[in-house]
Amino acid sequence: MINVLIVDDDFMVAKVHAGFIQRTSGFQVVGVAHTGAQAVLETQRLQPDLVLLDIHLPDINGLDLMHRLREVAPELDVLVISAAREVETVRRALRGGIVHYLIKPFSQTDLQERLEHYRNTYRSLDASKDVAEQADVNRVFGLERGDRPLPKGCSAETLQVVERALREADGDVSAAELAVLVGTSRVSARRYLEYLNDEGQVEVTLKYGVGRPERRYAWKSR
C-alpha cells in the first residue's frame, strides 16, 4: 500500500482529493496538512511514500517546502497539484525532482492516471530488482515500447521480422548471422538488435576470440 499525505490550504479541495485517492487501488491517505509548517510535522511523523503538494500555501511556497519535506523524509516522492500555470514554476518543479505536475482543476480520472503511472513505474523500479535494465529506466521517463521512436532507417515491419527470427533461433546470434536470417545488412541488423537491447527484450553476451569481442543476442524468455 502506498501511503499519501495531502498538502493543500483549501479544506474542501483536500477532502475531494482524499476521496479520489481512496478510490484508487493501492493507495491510502494517511494524513492531511493545510500549511507548510503542519506538512513538515506530518511528514516527519507519518513518513509517507508520496505527497500531493499544492504550491500556494499560506506560510510558504510549495516548491520551497518540498526541500524541507525531503530533509525529514529523504525517500519522499512528490506529485504537485496546483493552479499555478507559469512555465518557470513548472520548470522549477521539474528540477526539484517531482513525479508529476497536475494542474487544477482536474478530474478523478486525471489524478488516478497519474497515481497509477507512479505505482507502475517509480514504485516498481524501487522494489522489483537491485539492478535496473534500460527498459525499466525508459518506463520512468515515459519511453515505453510504442512511444520510443525506432532508430533512423528502421521500420516496425522489419522489427517484427527480427523479433520472430530471434524467438525461433536456436540459441544466440550475432548481427551478421541475423542479417542473413532476415535479409538485411549487418549494420541494419545491429541497429535493431541494440534497440531491442535498450528495450530489455534481448540478452547480450560477449564471445571472445581474436580481435574485438563479438556481441551475441538471444531473445529473453518470459
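Above: the structure in question.
These numbers were taken from a predicted model, which means no experiment stands behind them.

*Asks:* Can you tell me about the sheet that holds strand β2 (residues 27-33), naming the residues and giving the values?
*Replies:* The five strands lie next to each other as β2-β1-β3-β4-β5, forming an open sheet whose pairing is parallel. Across the chains shown, the open sheet's two edge strands, defined by having one partner strand only, are β2 and β5 (100-103). In this sheet, neighbouring strand axes are inclined to one another by 20 degrees on average, regardless of whether the strands run parallel or antiparallel. Relative to strand β4 (residues 77-82), strand β3 (residues 50-53) is paired through four bridges, and the arrangement is parallel. Residue pairing for β4: Leu52 is matched across the bridge by Leu79.

*Asks:* I'd love a proper account of the packing of helix α8 (residues 175-182) against helix α9 (residues 186-198), names of residues and values included.
*Replies:* Direction vectors running N to C along α8 and α9 enclose 105 degrees, while the axes themselves pass 8 Å from each other. Classified by the angle their axes make, α8 and α9 are roughly perpendicular. Across the interface between the two elements, Ala175, Ala176, Leu178 and Ala179 from α8 touch Arg186, Ala189, Arg190 and Leu193 from α9. By residue class, the composition of the contact of α8 with α9 is six nonpolar, no polar and two charged.

*Asks:* Can you break down the pattern of salt bridges residue by residue, with the values?
*Replies:* Under the definition given, this model contains 11 salt bridges. A salt bridge links Asp64 to Arg92, with the nearest nitrogen and oxygen atoms 2.3 Å apart. Of this pair, Asp64 sits in helix α3 (residues 62-72) while Arg92 is found in helix α4 (residues 87-95), placing the two residues 28 residues apart along the sequence. Using a relative accessible area of 33% as the deciding quantity, one classes Arg92 as partly exposed. One salt bridge in this structure joins Glu214 and Arg216, with 3.0 Å as the shortest N-O distance.

*Asks:* Tell me about the pairing of β3, residues and numbers included.
*Replies:* Side-chain positions along a regular strand alternate between the two faces of the sheet. Burial of the side chains of β3 extends over both faces: Leu50 and Leu52 are buried on one face and Val51 and Leu53 on the other. Examined bridge by bridge, strand β1 (residues 2-7) and β3 share four bridges and lie parallel to one another. Residue pairing for β3: Ile6 is matched across the bridge by Leu52. Remark: the β3/α3/β4 crossover connection has right-handed handedness.

*Asks:* Run through the pairing of β1, naming residues and quoting values.
*Replies:* Burial runs high along β1: five of the six residues are buried. As paired elements, β1 and β2 share six bridges and run parallel to each other. Its bridge partner lying in β2, Val4 is registered against Val29. Each parallel crossover has a hand, and the one from β1 via helix α1 (residues 11-22) to β2 is right-handed.

Calculation criteria
- Residues numbered from 1 in each chain as written.
- Predicted model: local features only at pLDDT ≥ 70, side-chain atom pairs only at ≥ 80, totals over all residues.
- Heavy atoms only, no water.
- Pairing = 2+ DSSP bridges.
- Helix = DSSP H or I, 4+ residues; strand = E, 2+ residues; numbered from the N terminus.
- Axes fitted to C-alpha atoms, helices over the stretch in contact; angles between N-to-C directions.
- Parallel < 35°, antiparallel > 145°, perpendicular 65-115°, else oblique.
- Contact = heavy atoms within 4.5 Å.
- Nonpolar A, V, L, I, M, F, W, Y, C, P; charged D, E, K, R; others polar.
- Salt bridge = Lys/Arg side-chain N within 4 Å of Asp/Glu carboxyl O.
- Buried < 20%, exposed > 50% of the residue type's maximum accessible area, 1.4 Å probe, protein only.
- Right-handed = clockwise from strand over helix to strand, strands pointing away.

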